[in-house]
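Geometric and topological summary
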Amino acid sequence: MATPKSDNERRKQISVRGIAEIDDVNEIKKTFNRHLHYTLVKDRNVATSRDYYFALAHTVKDHLVSRWIRTQQYYYEKDPKRVYYLSLEFYMGRSLQNTMINLGIQSSVDEALYQLGLDIEELEELEEDAGLGNGGLGRLAACFLDSMATLGMAAYGYGIRYEYGIFAQKIINGEQQEEPDDWLRYGNPWEKARPEYMLPVNFYGNVIDTPEGKKWVNTQVVFALPYDNPIPGYNNNVVNTLRLWSAKSPVDFNLKFFNDGDYIQAVLDRNLAENISRVLYPNDNFFEGKELRLKQEYFMCAATLQDIIRRFKAAKFGTREATRTDFDLLPDKVAIQLNDTHPSLAIPELMRVLVDIEGLPWEKAWDITVKTCAYTNHTVLPEALERWPVTMLESILPRHLQIIYQINHFHLEDIQRKWPGDLDRMRRMSLIEEDGEKRVNMAHLSIVGSHAVNGVARIHSEIIKSDLFKDFYELTPEKFQNKTNGITPRRWLLLCNPGLSDLISDKIGDEWTVHLDQLQKLKKFAKDSNFQRAIMKVKQENKLRLAQLLEQDYGVKINPSSMFDIQVKRIHEYKRQLLNCLHIITLYNRIKKNPAAKFTPRTIMIGGKAAPGYYTAKKIIKLVNMVANVVNNDPIVGDKLKVIYLENYRVTLAEKIMPAADLSEQISTAGTEASGTGNMKFQLNGALTIGTLDGANVEMAEEMGNENIFIFGMTVEEVEELKKKGYNAYDYYNSNPELKQVIDQIENGFFSPGNPDEFKDLADILLKYDRFFLLADYEAYIKKQDEVSAVYENQAKWLEMVINNIATSGKFSSDRTIIEYGKDIWGVEPNYEKLPDPSVPRELALKDN
Ligand SMILES: *Cc1c(COP(=O)(O)O)cnc(C)c1O
């Protein structure tokens, strides 16, 4: 076990995280020992580090429980409008430290563990990430939950409790290998199973006509077992709920086989139904039309809507029967936000519940559905848009297919009324695509079934209106909105970067934790050499810590005074990790050509997972690793240039990388990255950005001013122009000798001497099939990188820019994003009231407030 922190290190933590109260410390020690004894059934002679982690997690969770119960009671009593955030992904990461920080007990817990002779940081490392997401979309959902709780909104996350989250990435001989993420192996101390609230979900079967209307019959039932996860607000005693559904076989599953006597087979087959919540699909920005995925999407929607309607009825009418007109109130009491189209079956499912089960007329039900639902679009890439085959829906969800056809019928009537005879427009806007295999366009369904449709950065929301959903914008312009993404400053600064947090709070107080705009107050210190020095010192410490981690985990030695140039995100052609790679090779060639020339040392790090079936993305990973091999082992290069592949990029690794970054790479082809949120994490932690005018980079540049960011490359308009004109990569290849050399080296096996053809297909893509125009931006990128190096040599200038970056990151708090959703889409306001502290007896607490 590592040595506990020194008194000095402990004092430093106490300064930003409040004071450890002796009573609290003693109480925590007692509770910890009680859990070690009664929950873990261990004494200190035999307890492992993992036992200590679990005892600690249970101790911290105990501090949540009363607040959780009281928050839910409070919602029941006050019956505010509920917000339901439906998402197939919640990329939560770890909970222990986040819970301690939001509850304000970090210092007391630190002190208690110290007095017990335990190293809290070592124990924290034993928590598995809740990796129930792929990348930005899933992490956004997690940041939103933190903000909604901190803003006192009566909000619920709803999703799936995947038994296996996003795979663990191993790099072996430069290649990605996937390992299953068995994150529940040792149990999950944060969740509470609620078998008493289990709900049935139907699949397959057929639809019959009855005097009371359509009936969906002969279905196969799977049960949805809810697991509740606490979502603590920051410093406000609010604890909201993330409810994740797990699939359970019904007791009588495959009853026929039981009766036939094949008992063993019938028991084994129960797994079939329970496979629904087995594993997260590892695609980011890619639609793979798998049947099991469709079942996951419906499973989540069907269970969640039953829960929503039950809660609506219980709050509104108690035990009396709801009448048809009661449902008129649904849009006043319920907002459903769809995180991309993944949960879009909530629309036909809500229609089915209102029409088939509650007996509402179609028009009434449709009005309620549209007023209740809202849809967030996350991508314009055609390969990412969900289009489910009609045949698949017909078999698995026959009633929903009928409802979708009915919605489409009225939708096409609307179009016909507005544009009589415009058959091509009808074809373009139909929910059903008829060319080739018949498919349902889920984005079209989501737009028609929602009262609000939003993009996730200003430029993306404009592209949606002018291009992707142009026809729909012309039909219902009032639906279209922008909600620029954000990140929670609690996890992405207070938690991950205590050194910078302390420094900022010393300078401007700590209100920035809940009002990130306060960081503006740092602007006047941008040129202050004392403050610059303090900022530099924190960054240097963070870089040293990352360097130590990389040496300890991967045995790579890096120069901590070099520029840390980092690109971490899912590996995708549109994100252009290959362009970064072209720069690396260019730098290498320059050093080799002129070893004596002045050079600004860089450690270039690239990290991210490729979807297991994405051939080109996996090749890119291999290329980066092979280039790293050559560069890192060339004595001529020395420590001027090092290339590191950051294995298994995930939330927990992001928390260690962001504080140590000097340069953030945000280099997607303009018009392809909807927003990005990694860009915001880097900015908040004092890295400068080299980036294109894409996604939220545009608004970051606007906030900080172009003089504080390294913008290069084509604009969206210029990309469009190039597409029209026709892109010929050879034009750039033939006119730039540095570029030609780099491409030739990739093509001819310079980096893969054992297999000269290894990267031929990558060179081929770059020269012949490149959808993302890498060579068109190459020269501008290299020029801008040279400028980055020059500025890095001017420390005062660099630090001034760093401070200006931090000072202007306020807009990118997810608190701001959520306030906008509340105001413009949900009809919900923040509640800044602090709930009573439940450790105080209830009567006293109520009088207090
Ligand atoms: C923030 C985050 C992302 C999103 O990064 P982008 O650069 O916006 O694509 C992906 N993965 C993890 C683990 C993150 O924390």
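Being a predicted model, the structure only gives us computed values, none of them experimental. (Residues numbered from 1 in each chain as written. Predicted model: local features only at pLDDT ≥ 70, side-chain atom pairs only at ≥ 80, totals over all residues. Heavy atoms only, no water.)

Topic: the pairing of strand 10 (residues 213-217)
In this sheet, strand 10 lies alongside strand 9 (residues 206-210) in antiparallel orientation, the contact comprising 5 bridges. When the bridges of strand 10 are listed, N206 appears paired with V217. Linkage of strand 9 to strand 10, two consecutive antiparallel strands, is achieved through a turn of 2 residues. (Pairing = 2+ DSSP bridges. Helix = DSSP H or I, 4+ residues; strand = E, 2+ residues; numbered from the N terminus.)

As for the layout of surface pockets
If you add up the space inside the second largest pocket, you get close to 1,000 Å³. Lining the second largest pocket are 42 residues, and of these R67, L103, G104, I105 and N235 sit closest to its centre. For the lining of the second largest pocket, the secondary structure elements donating two or more residues are helix 1 (7-16), helix 2 (22-39), helix 3 (49-78), helix 4 (96-103), helix 5 (106-115) and helix 22 (498-508). With 5 residues, the single largest contributor to the lining of the second largest pocket is helix 2. Split by residue class, the lining of the second largest pocket holds 13 nonpolar, 16 polar and 13 charged. (1 Å grid on protein atoms, 1.4 Å probe; cavity = no way out; pocket = protein on both sides within 12 Å on 5 of 7 lines; lining within 4 Å. Points joined across faces, edges and corners; volume = space filled by probe spheres on them. Nonpolar A, V, L, I, M, F, W, Y, C, P; charged D, E, K, R; others polar.)

With respect to the side chain of E89
Within the secondary structure, E89 is located in the loop between strand 1 (82-86) and strand 2 (90-93). In this structure, E89 is buried with no salt-bridge partner, the nearest side chain bearing the opposite charge being R293 at 5.1 Å. Polar side-chain contacts of E89 include one of 2.8 Å to the backbone nitrogen of N134. Those residues in contact with E89 that sit more than four places away from it in its chain are L132, G133, N134, G135, L137, G138, A141 and L280. (Buried < 20%, exposed > 50% of the residue type's maximum accessible area, 1.4 Å probe, protein only. Lys, Arg positive; Asp, Glu negative; His and termini not counted. Salt bridge = Lys/Arg side-chain N within 4 Å of Asp/Glu carboxyl O. Polar contact = N/O pair within 3.5 Å; in protein donor to acceptor, adjacent residues only side chain to side chain. Contact = heavy atoms within 4.5 Å.)

Section: the sheet that holds strand 24 (residues 688-691)
With respect to topology, 6 strands assemble into an open sheet ordered 22-21-20-23-24-25, the strand pairing being parallel. In this open sheet, the two strands that pair with only one neighbour each are strand 22 (641-646) and strand 25 (710-711). One ladder, built from 2 bridges, connects strand 24 with strand 25; its direction is parallel. Residue pairing in the sheet places G691 in a bridge with I711 of strand 25. On top of the sheet, helix 24 (residues 577-593) reaches strand 20 (563-568), strand 21 (602-607), strand 22 and strand 23 (663-666); it is set at about 155° to strand 21, its chief contact. (Axes fitted to C-alpha atoms, helices over the stretch in contact; angles between N-to-C directions.)

Overview of the sheet that holds strand 16 (residues 432-433)
Read from one edge to the other, the open sheet built from 3 strands follows the order 15-17-16, with strand pairing classed as antiparallel. Sheet topology places strand 15 (387-389) and strand 16 at the edges, where each strand pairs with a single neighbour. Inspection of the sheet shows strand 16 paired to strand 17 (residues 439-441) by 2 bridges, in the antiparallel sense. The residue of strand 17 that forms the bridge with E433 is R439.

A word on a negative patch on the surface
A surface patch of negative charge is lined by E21, D23, D24 and E27. What makes D24 partly exposed here is its relative accessible area of 37%. (Patch = residues over 30% accessible without salt bridge, like charges linked within 9 Å, V, L, I, M, F, W, Y side chains within 5 Å. Areas by Shrake-Rupley, 256 points an atom, 1.4 Å probe, with all protein chains shown as cover. Charge placed at Lys NZ, Arg CZ, Asp CG, Glu CD.)

Let's talk about the site of the ligand
Surrounding the ligand, one finds 15 residues, the nearest of these being K569, K575, T677, G678 and K681. In this structure, K575 approaches the ligand through a side-chain N or O atom, which is 2.8 Å from an oxygen atom. Contacts to the ligand include K681, whose side-chain N or O atom sits 2.6 Å from an oxygen atom. Notes on the ligand: free accessible area 390 Å², of which the protein chains cover 97%. (Near = heavy atom within 4 Å.)

Quick look at unusual backbone geometry
Although it is not a glycine, D79 sits at a positive phi angle of roughly 45°. Tracing the chain through its elements places D79 in the loop between helix 3 and strand 1. By relative accessible area, which is 14% here, D79 ends up buried. Residues other than glycine seldom take positive phi values, yet F773 does so here, at roughly 55°. Inspection of the secondary structure assignment puts F773 in the loop between helix 32 (760-769) and helix 33 (774-793).

A closer look at the UniProt feature "modified residue: N6-(pyridoxal phosphate)lysine" (unreviewed entry) in the protein chain
Sequence positions flagged by UniProt for "modified residue: N6-(pyridoxal phosphate)lysine" (unreviewed entry) are, in local numbering, K681. The residues contacting K681, other than those within four sequence positions of it, are R139, I487, W492 and M658. (UniProt positions renumbered as here; feature names shortened; annotations may be inferred.)

Looking at the packing of helix 25 (residues 615-632) against helix 32
The N-to-C vectors of helix 25 and helix 32 enclose an angle of 115°; their axes lie 10 Å apart at closest approach. As the angle between them shows, helix 25 and helix 32 are arranged roughly perpendicular. Along this stretch, helix 25 crosses helix 32, giving a crossing that reads as left-handed. In contact with Y615, T616, K619, I620 and L623 of helix 25, helix 32 contributes D761, L762 and I765. (Parallel < 35°, antiparallel > 145°, perpendicular 65-115°, else oblique. Left-handed = near helix turned anticlockwise from the far one by under 90°.)

Looking at the side chain of D307
In this fold, D307 is placed in helix 11 (residues 291-317). There is a polar contact of 3.0 Å between the side chain of D307 and the side chain of R310. Non-local contacts of D307, meaning those with residues more than four positions away in its chain, are made with Y158, L199, R243 and W245.

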